[in-house]
Each structure stands twice: as structure tokens, then as C-alpha cells.
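The primary structure of each chain is shown beneath.
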Amino acid sequence: MASLFRDLSLGQSWRESTPSPPPKLQIQPPPPIMSVRPVAADLECPLGQLASHLTDSDLRSAAYEIFLALTRTSSAKPLSTAATTDPPNHHHNHLPHSPSSSSNSNSSPSLQRSLTSAAASKMKKALGLKSPGSGSKKSPGSGSGSGQGKSKKPLTVGELMKIQMRVPEADDSRVRRALLRISAGQVGRRIETVVLPLELLQQLKSSDFTDHQEFESWQKRTLKVLELGLLSHPRVPLDKSNPTSQRLRQIINAALNKQMETGRNNESMQILRSAVTSLASRSDGSSVLEVAHWADGIPLNLRLYEMLLEACFDVHDDTSIIDEVDELMEFIKKTWTVLGINQMLHNLCFTWVLFHRFVATGQVETDLLDAADGQLLEVAKDAKTTKDAEYSKVLSSTLTAIMGWAEKRLLAYHDTFDSRNSVTMQSIVSLGVAAAKILVEDISNEYRRRRKNDVDVARSRIDTYIRSSLRTAFAQRMEKADSSRRATKNQPNPLPVLAILAKDVGELAVKEKRMFSPILKRWHPFSAGLAVATLHACYGNELKQFISGITELTPDAVQVLRAADKLEQDLVQIAVEDSVDSDDGGKAIIREMPPYEAEAAIANLVKVWIKSRLDRLKEWIDRSLQQEVWSPQASQEGFAPSGVEVLRLIDETLDAYFQLPIPMHPALLPDLMTGLDRCLQYYATKAKSGCGTRSSYLPTMPALTRCETGSKFQWKKKDKSSSTTTNGQKRTMNGSNATSATPQLCVRINTLHRIRSELDTVEKRIITHLRNSESAEAHDFSNGLAKKFELAPSACVEGVQQLSESLGYKVVFHDLSHLLFDGLYIGEPSSSRIEPCLEELERNLTIISDIVNEKVRTRVIADVMRATFDGFLLVLLAGGPSRCFTRQDSAIIEEDFKSLKDLFWANGDGLPAELVDKFAATVRGVLPLFRTDTESLIERFRRETLEAYGSAARSRLPLPPTSGQWDPTEPNTILRVLCYRNDDAASKFLKKTYNLPKKL
């Protein structure tokens, strides 16, 4: 035997057959490194806890004794065993009738059957299990050639079992001797009816052991087995008041404290035998054959059977089942009668043993896991057919243990698995799902009450695994992102936590899709979609809190929201791709992913930013215009500082807007443009306010009178009480508002014109910004309204127009009032002509030309010219009773008007001649009336009045109203020429027709 283990240490095998058998070898224990079976520290055995503590070694020894008793003897009268693998209830072991029937045999023929590796194991093939050591080692049952070319005799099943169960040679020999004595004393009795521990106690003495201490330990272990089998875990429930059980318990307790004498005639031993025999003979009626019930109660029988099944694993390779497992299992099943095991319990125990071995050996051999998964198919069939409550209890605890272990890893599979062990994950998922299905579908009463079609157990479990694992992974990455942020807080521009997290979550989603979804898709067809929906929800919760705390647009906020938007697009893309074959096209998954609306959040923040900027700009306009003096001395090239600054602020706002790190510059540009447009419109409106209008400077016309030569009636200004002008306009007329003086009005005009001119430049700059914007598209450039000012240009144009008209009429009707209306043609026309007015007018034109920008100068001078021509006509047609004209005065008037036109034409250096002629057309049309004779004027007046009023005017000519639109064919214009005609005919006509007074 020593040479056998030397051969093994050199890597040689026992399984190789040789032509001639070698001498019988003495079998030694297996190598000490394999003396203890692997144990999973974090996996509690679900087969049940024993009431009295027995070590694995104790249980193994007890199981080996049962196995040996039921399969072989070593006496002249051996125990015979059936040589088939039929169910044990059909073939039974008997004590021989004659001690001499096999006196020359050391073992029964069936147990001595030689084992070789020539025939492959059907069981291993069915379970998909590898050979021990992946071919590098052989099972202990195979012989191997020695280094000298000698061959070893193949081991028998009994010898193999001894090695597999790590039984020392001395223990094996001692049990064999005891069995020989038992068989000699009970010839013809079936072994199943024997209470083996009782007989062993009777047969083995202290002298059979190495020392007395070893004997005591063995005796206590044997008594504990009896206690467990008959008192703690009997097959038939035991009444606590049963006197026999009380007597047996007293004997065992006493023997455990003090060594028990086990001689045949010993009183204690006789009492023990009587009690044991009585309790072991109790039956629940389920067994057809007579059997001693001392080791068939749960969980003792399952724990003993577990030890036997563990023997199927190679002692040299913890992860492999020996090749001879078919033959070995045939003999293990012969223990079923004593242990009360059936096919259902065998399937369940073997599933557990395979699974436990995978866990205990480092979870590296997935063949074991796959084998356990395969065994669960048999367990599932059993679970559907049985109603055994005890079996269901063990089944539930076993499956719960398996599923609990699997789910501990699957509920956080991102922590458990990676690319190196993804194959293991698939096996664990399969096992966990199979266990869950049996638990739910075959054990759960609730499941039976509900329609089975309503519950997809596998899909439900995968759903749970995905959601749990991804939530855990998300929380870990959240913590990691937070740590990363803290580590970089002193660096310039550190990324916000949620921006870091968005990147990590995106990578997690890709990993999920690439590595885990292909595995989980077997049980959940849309696993990738579910995974990204879970990540979407996790990130969405954090983002929602973040958004609720944002009050203004910051770089961090934009970074986070843009990162969230990109993440959402990536997640939705994965979900859509994963659900392309679903019945609803992925709508169910997408419904689980309510939009982050990150762009909407950014847009809202940008709108808040825009509003804040615009509010500040408007406040600045109000404050600046209150302080603005519009002085040419304080201006910049004739432009008010406020106008220059408002344009600068507009540019600054636009630059700041396009520098915002947002993806929707074109989309929100109209909001900004509308606001800026209104601000500029507001500026233009405020800039022209309080400066008067054309009508505010026109005086109220006096009532019509007949001409009275020599009258000194003074010009009547507009009555303030009846005036509709504003207080500002009244001050302007009175000259009390310094900001409405001619130079200030010129600066206002320049400023509004400058703003209008710069708007085109601003719009071009916006186009440039858009071209540089990452999100701009072709239609953004074709949509002109989005980037143009709409209100400000017209406001500036209207402002310039109003200010220009106001300036013209102010100069004529206010600044020159004392010369024009109080002096021109007062009394004798020849002595009060236009020259003084021209001089003052020229001085004002010089001021205007020096200040007003050349691009708007023509318009302003033209408005002054129009006001001058209107004032000239007012002097002629509404100058009051202090003025009168003869036909001869018409030459003076025409000459003065020519001088007036020449002032504006300025020999070609002033206004264009055609423009002067255009504005002079009305005066030029009216002046011929002054040189027309009175009779002709009266006749023309009658004709035009009758034409205007029709037949109603035949009896009495109505007094035509003053329209202010002077025209040689207009009755009121002709009537006014008559009123100022210095002759009797005109005076008589007016007296007779309208009874006009000579004075007011």
C-alpha cells in the first residue's frame, strides 16, 4: 500500500488495467491533505440541524458503518447483498443461513466487482461533469502502472468507498470484525432489521481500539447516533411521556457521563437493548417490509446520506466526481431502506451536494453548478407530484438556501461578476431562477390560487435582479463621483458630481448591454431596456433634486443638464434597440423613462438669465436717461453717452448669451432679441418724450376780422388753459426746459439715428455668433425674424422724425416767434420785411448744421424749412388784425419768400433745389391770390363755396371752416386773403356776408 501512494505522489494513476493481476495490495488511507471535505462557511446546511452535536467525521463514520453493513462482510458467514441497482425495496440483504457458506471469502461477490475507467460514467455524461483533474489525475479506483512497469490490482467498490470516505484502515478492519461477529450471532436475519449501533456497542470492546480514550469517544458517538435516531429525530413522532423513551434517555445520558459496560449479560445493556428494540420497531405503516427504524428520521437520515453522496467526489480533486460514480451510486442506494431515502429525497440531496461542493471549492467549477441545475429539473418533477409535507419542508429549506445564496450575488451582480466569470453568472442565474420557480409554482399556495398565466416567475426574478443590482451599482458610482469631486475641488473648473455621475452611468449602461444583458436575455427578452430604464430612474431622481435647487444659470448647472441630456439620449437608444422586436415596439419600457427635460430646464434657466439681463438693462436705461443732459459738450461725436453705452450693453449681452455653454442658442435667441428690441424701443421712446411735437408749437389761430388799417392788435399765442399739450410741451414752448433747446434736440436726433444705424451691424454680428454656435442649423439662418430687431428700428425712425419736426417748429414758432409773428409785416409791410427773420434763422441753421450728423442733417434742415414755410403762410393768412395787404404788397411778399427759399438753397450748398421747390409748392400756390383783384377773389370764393356746399349755399354763403390745409382753391384760404385785403370792396363783402368785425 505504501508503494501505491508513492506512485500516486508521482502523478500516476490506479485506473490503468494490466494483462496480469498483481498481488493484492494493502489499502492505506488517502493523502492527509484531503482528509477534510470542503465546507462553505457562509452556507448553512438546509437538510436540518441535529439535536445533538456530531462532527462531519462522526457522521461520516456512522454512514460508512451503515454502507459497509449493507454491502459486505468479512467473516466466514458474510452478509450477502444484491448485485443489482434495482430499488432497495425489491432486493434485500439477509444474514447467511450457514456460517460456512462463504467462510473462504473475504467479501461478497458484488462488492468485490472490479472497477476500471474503461467504461465512461453514464451519470457524469448526463450531468455534463468533467473527469477528475481534467485528465491529469485518475480516480482512486483505477490502477496504474508502477515506475518498474508492474501493474496494480484494480480496487473493489468497497475499497474505493473506504478511500472516498477517508476511513482509516484500523477503523475499517474494526467495523468488519464487528460485522462478522454480528452475522455469526444472527444467522438468517436481514440486516435491515438490525439496529446497527446497538449491535456494534455489544460487539466492540476497548481491546478493539488503539487506546481507551478512542474507545470512549467511539462509544459516545454511537450512543449519540442512537439518541438522534430513536429519540431526537425518530421516523414516527414520539410521545414525550413514553416510558420506554424516558428509560432510553436515562441510560444514554448516564453512559455519556460514565463509560457503559456493554457485555451481553450486563443489566444496563439488556435494558438498553430492550428499549432500543422497542422504539426501533415502531412503524408508521408506510413501509411494506420489516425494517428497524433507527436512522430513517429527518434530518438524521439526510445528513448521513449527504456523507455518502460526498464520497462520489474525488479525494484528489475536490471539484470532480470519480469516473466510477455509477457503480458507487448503485451501492450507496442500498442504504435507502435503512435511511428511509427514496428517489425524491435522493434527487434533492444530490442537488444540494453538487451545489454545496461548487460553493465550498471556490466557485470555480461551473460544471458542478450546471449539474445541480440539471438535477433541479428532476426535483421540479418530483415537487409537482408529491404532497408529502416532510419532503416539502426539506425541499423549501433547500431551495431557499440555494436561491438565497444565488440572489445574494445576483441582487448585486455588478459587484460579483465581470468579464472573467460571466459564464459562472449564467449558471448561477439559471440555478437561482430554477429554484425560485419551484418555490413559487410548486410550493406557494398563493401561486396556486392565482392564474398561472399571470405570473412569469423567471422574468419576475430577473426583473428584481436587474433593478436591485443597478440601483446598488448606481449608489456606488454616486459615492465615487462625490469622492472624485472632493478630490478635485481645488483644481480649476472641477466637474460637478452629477456630470461625473452621468458619464459613469453611461459607461455602466454600456457594460450592462455588452456583458450582462446577453446572459439575462434568456429569461427576460428586454433585459437591456429594463436595465437602462432603472438607471434612467436612478439618475432622474438625483437630477430632479438638483434642478429643484437651481435658481440661476451657472456653469455647473449647464454642465450637469447637458450631461443629463446626453445620458438620456444614450439610454433611450439602448432601450429602443433592445425593444425593437417587442410587441409594442418598446413603448412599455419608454413609459418607464419619463423625460428628464434637461433641455427644457436649461431653456427655463436661460429665460431666467435673459429676463434678469433685460430687467437690469431697462433699469439702467431709466437711471441713465434721468441723468442724461443731451449736451453737445458732454456728447461723443454728437451722440449722447447713454446711447453709446446702451449699444455697448446690447453687444455685451449678446456676447454673454452666445458664450453660455448651452445647446439651444438659436432656439432661445428670439426671446433675447425680443427683449433687447423692446429695451431699445423703450430707450427711443424715452429719448423723444418731453420734447414736443409739431402740433404742440402751432399757435391757436385768431378769429377772422375785417381789415382795419393802422390796427395795432397783437398776435395771440395758444391759450394754455385750452391747450392739449403736456406740461413738458408747455415748458418747451416757454423755453423753460433746457434739455429741449436746439443743441440738445440735435444730440437726441443724432443718438437715435446712430442707434438705428448700428442695429444692422448688431444683426450681422448675431449671424456670426450663430455660425459659430454648435447647435445652429441651416434653417436658423434662413429664419430672418429670429435675429432681427422689429420694434427698435421703427421707434428710432419715428423718434428722429418727431424730434426733427419738433426741432423745426420749435425754431420757427418759438425761437423766431418775436421776429416772425410779432414783427413780420406788422403795420406797413414794406417797413417790416423778412431780413431780421432770415438772420436769426440762419444762425439757428448754423447751430443745427454743426451738431446734427450729416446723414440726418438734410432731413432736419428740411423740417426747419417746412416749419418756416408754414410760419410764413400763417403770417399771411392768420396773422391777426394787425396785418393787412394791398395788391401792390404781393411783390414784397414774393420777393421775401424768394429770399427765404434762397436761404435754404444757399446757392447750391444747402438743400437740393428740387426739395426746396417741393416744400415751397403750397406757398407758391397761395401767393398769386395776393396779387389778384378783390372782385375776382370774391367771385372765386363764391364759386368754390358753391361747389363745396352745393345748392344749400345759394341763399347764404356758409362760413367755411379752417382746415389748415392752405390751397388757392380752398374757400377758407380765399376768405382769409379777403380778410387781410386792405380795400373797401373786401371789407363791405365781409361785413355783408358774414358781419365780421373790424377788431376782436
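Computed from a predicted structure; not experimentally measured. (Residues numbered from 1 in each chain as written. Predicted model: local features only at pLDDT ≥ 70, side-chain atom pairs only at ≥ 80, totals over all residues. Heavy atoms only, no water.)

**Digging into the overall build of the protein**
The condition that has to hold: In this text, helices come from DSSP runs of H or I with a minimum length of four residues, and strands from runs of E with a minimum of two, each type numbered from the N-terminal end. Under the scheme applied here, a residue whose accessible area is under 20% of the maximum for its type counts as buried, over 50% as exposed, and between as partly exposed, the area being computed with a 1.4 Å probe on protein chains only. We call two residues contacting when some pair of their heavy atoms lies within 4.5 Å. Per-residue accessibility takes into account occlusion by the displayed protein chains alone, with areas from the Shrake-Rupley method and a 1.4 Å probe.
When helices and strands are counted, the protein shows 40 helices and zero strands. Scored against the burial criterion, the 1000 residues of the protein give a buried share of 52%. Summarising the internal contacts of the protein: among those between residues at least 6 apart in sequence, 78% fall at separations of at least 24. Summing over all exposed atoms, the protein offers an accessible surface of approximately 45,200 Å²; the carbon and sulfur share of this is 49%.

**Let's talk about the packing of helix α29 (residues 742-771) against helix α33 (residues 835-851)**
Put simply, the rule is: Angles here are taken between N-to-C directions and fall from 0 to 180 degrees, while the axes themselves are lines fitted to C-alpha atoms, restricted in helices to the stretch in contact. Crossing chirality is assigned from the near helix's rotation relative to the far helix, an anticlockwise turn below a right angle marking it left-handed and a clockwise turn marking it right-handed. Note on residue categories: nonpolar means Ala, Val, Leu, Ile, Met, Phe, Trp, Tyr, Cys or Pro, charged means Asp, Glu, Lys or Arg, and polar means any other residue, Gly included.
Where α29 meets α33, the closest approach of the two axes is 9 Å, and the angle between their N-to-C directions is 35°. Classified by chirality, the crossing of α33 by α29 is right-handed. Here Thr-742, Pro-743, Cys-746, Val-747 and Asn-750 of α29 lie close against α33, whose contacting residues are Asn-844, Ile-847, Ile-848 and Ile-851. Residue composition of the contact of α29 with α33, by class: six nonpolar, three polar and no charged.

**Examining the environment of Ser-61**
Inspection of the secondary structure assignment puts Ser-61 in helix α2 (residues 56-71). The spatial distance from the C-alpha of Ser-61 to the C-alpha of Arg-221 is 9.5 Å, given a sequence separation of 160 residues.

**Considering helix α17 (residues 422-443)**
Convention followed: What a helix is expected to span follows from its residue count: subtract one and scale by 1.5 Å.
Look at α17: 31 Å from first C-alpha to last across 22 residues, which is about the 32 Å you get at 1.5 Å a residue. The element α17 is extensively covered by neighbouring structure, given that 17 of its 22 residues are classed as buried.

**Things to note about the pattern of salt bridges**
Between side chains of opposite charge, pairing is possible as soon as their charged atoms come close. Stated formally: The rule for a salt bridge is simple: a side-chain nitrogen of Lys or Arg has to be within 4 Å of a carboxyl oxygen of Asp or Glu.
The full count for this structure, using the stated rule, is 42 salt bridges. Close ionic contact of Glu-507 with Lys-503 constitutes a salt bridge, the shortest N to O distance being 2.8 Å. With a gap of four residues between them, Glu-507 and Lys-503 both fall in helix α20 (residues 497-520), about one helical turn apart. Exposure remark for Lys-503: the relative accessible area of 54% places this residue in the exposed category. The salt bridge involving Asp-896 is made with Arg-833; its shortest N-O contact spans 2.9 Å. A residue pair is termed long-range when its members are at least 10 positions apart, and Asp-896 in helix α35 (residues 889-905) and Arg-833 in the loop between α32 (817-820) and α33 qualify at 63 residues.

**Here's the deal with the nonpolar core**
Basically, it comes down to this: Joining through side-chain atoms within 4.5 Å is the link that ties buried Ala, Val, Leu, Ile, Met, Phe, Trp, Tyr and Cys residues into a set, and such a set is a nonpolar core.
Judged by nonpolar contacts, the single largest core of 287 residues is most densely connected at Tyr-539, Tyr-657 and Phe-872. When residues of this core are assigned to their parent elements, the largest contribution, 15 residues, is made by helix α34 (residues 854-878). Those residues in contact with Tyr-539 that lie beyond four places of it in its chain are Phe-474, Leu-498, Ala-499, Leu-501, Ala-502, Val-505, Val-560, Ala-564, Leu-567 and Tyr-596.

**Description of the environment of Arg-190**
Tracing the chain through its elements places Arg-190 in the loop between α5 (169-185) and α6 (196-203). Sequence-wise, Arg-190 and Val-291 are 101 residues apart; in three dimensions their C-alpha atoms are separated by 8.9 Å.

**A word on the packing of helix α8 (residues 243-257) against helix α9 (residues 267-280)**
We apply this condition: In these notes the angle categories are as follows: under 35 degrees is roughly parallel, over 145 is roughly antiparallel, 65 to 115 is roughly perpendicular, and the rest is oblique.
Between α8 and α9, whose axes approach to 9 Å, the crossing angle comes to 135°. Between α8 and α9, the crossing angle belongs to the class labelled oblique. Between α8 and α9 the crossing geometry is left-handed. Contacts from Thr-244, Ser-245, Arg-247, Leu-248 and Ile-251 of α8 reach α9 at Ser-268, Ile-271, Leu-272, Ala-275, Val-276, Ser-278 and Leu-279. Across the contact of α8 with α9, the residue classes break down as seven nonpolar, four polar and one charged.

**What to know about helix α11 (residues 325-332)**
Counted residue by residue, α11 has six buried out of eight residues, so it is predominantly covered. Taken together, the buried positions of α11 are Val-325, Leu-328, Met-329, Glu-330, Phe-331 and Ile-332. On the buried face of α11, the contacting elements are α2, α3 (122-127), α4 (157-164), α10 (300-310), α12 (336-339) and α13 (343-360).

**Things to note about the side chain of Glu-159**
Applied cut-off: Residues adjacent in sequence count toward polar contacts only when both atoms are side-chain atoms; beyond that, a polar contact is any pair of N or O atoms within 3.5 Å, and within protein one must be able to donate a hydrogen and the other to accept it.
With respect to the secondary-structure elements, Glu-159 resides in helix α4. Accessibility expressed as a relative area gives 11% for Glu-159, which makes it buried. In terms of polar contacts, Glu-159 uses its side chain to reach the backbone amide nitrogen of Thr-156, at 2.9 Å.

**A few points about unusual backbone geometry**
In this chain, Ile-298 is followed by Pro-299 through a cis amide linkage whose omega measures 10°. The phi dihedral of Trp-630 falls on the positive side, at around 55°, and the residue is not glycine. Mapped onto the secondary structure, Trp-630 falls in the loop between α24 (598-627) and α25 (641-659). Positive phi is not limited to glycine here, since Asn-907 has a value of about 55°. Looking at the element boundaries, Asn-907 is found in the loop between α35 and α36 (913-919). Exposure remark for Asn-907: the relative accessible area of 69% places this residue in the exposed category.

**Details of the side chain of His-524**
With respect to the element layout, His-524 can be found in the loop between α20 and α21 (527-548). With a relative accessible area of 4%, His-524 lands in the buried category. Here Arg-459 takes part through its side chain, which lies 3.5 Å from a polar atom of the side chain of His-524. Residues in contact with His-524, not counting those within four places in the same chain, are Arg-459, Ile-462, Asp-463 and Leu-530.

**A short note on the packing of aromatic side chains**
Any pair of aromatic rings gets described here by the distance separating the centres and the angle formed by the planes. This is how the line gets drawn: Any pair of Phe, Tyr and Trp rings, taking the six-membered ring for Trp, is counted once the centres come within 6.5 Å. Such a pair is stacked with planes under 30 degrees apart, edge-to-face with planes over 60 apart, and tilted for the rest. Cation placement over rings: the criterion is NZ of Lys or CZ of Arg within 6 Å of the ring centroid and within 35° of the ring normal.
Evaluation of the coordinates by the stated rule reveals 20 aromatic pairs. Summarising the aromatic geometry, the rings of Phe-355 and Trp-405 are spaced 5.2 Å apart at their centres and angled 80° between planes, so their arrangement reads as edge-to-face. With Phe-355 in helix α13 and Trp-405 in helix α15 (residues 389-410), the pair connects residues that are 50 residues apart, well separated along the chain. Of the two residues examined, Phe-355 and Trp-405, each falls in the buried class. An aromatic cluster of three or more residues is present, and its members are Tyr-825, Phe-869, Phe-872, Phe-885, Phe-897, Phe-904 and Phe-930. Taking NZ or CZ as reference, Lys-334 lies 5.8 Å from the ring centre of Phe-331, over its face. The ring centre of Tyr-682 lies 4.3 Å from the NZ or CZ of Lys-618, which sits over that ring.

**Let's talk about the state of the cysteines**
Cysteine pairs can be linked by a disulfide, which is a covalent bond between their two sulfur atoms. Filter applied, for reference: When the sulfur atoms of two cysteines come within 2.5 Å, that pair is taken as a disulfide.
Across all of its chains, the model carries zero disulfides by this definition. Free of any disulfide, Cys-349 has its nearest cysteine sulfur in Cys-45, 8.5 Å distant.

**Some points on the confidence of the model for the protein**
Keep this limit in mind: Confidence scores per residue from the predictor, reported as pLDDT, run from 0 to 100.
Looking at the protein, pLDDT values average 82 and 82% of them are 70 or higher. For the protein, per-element mean pLDDT is lowest for helix α1 (residues 2-9), which scores 32, and highest for α10, which scores 95. Low confidence marks residues 135-139, where pLDDT is under 50. Its contacts with residues over four positions away, or in another chain, come to 13 contacts.

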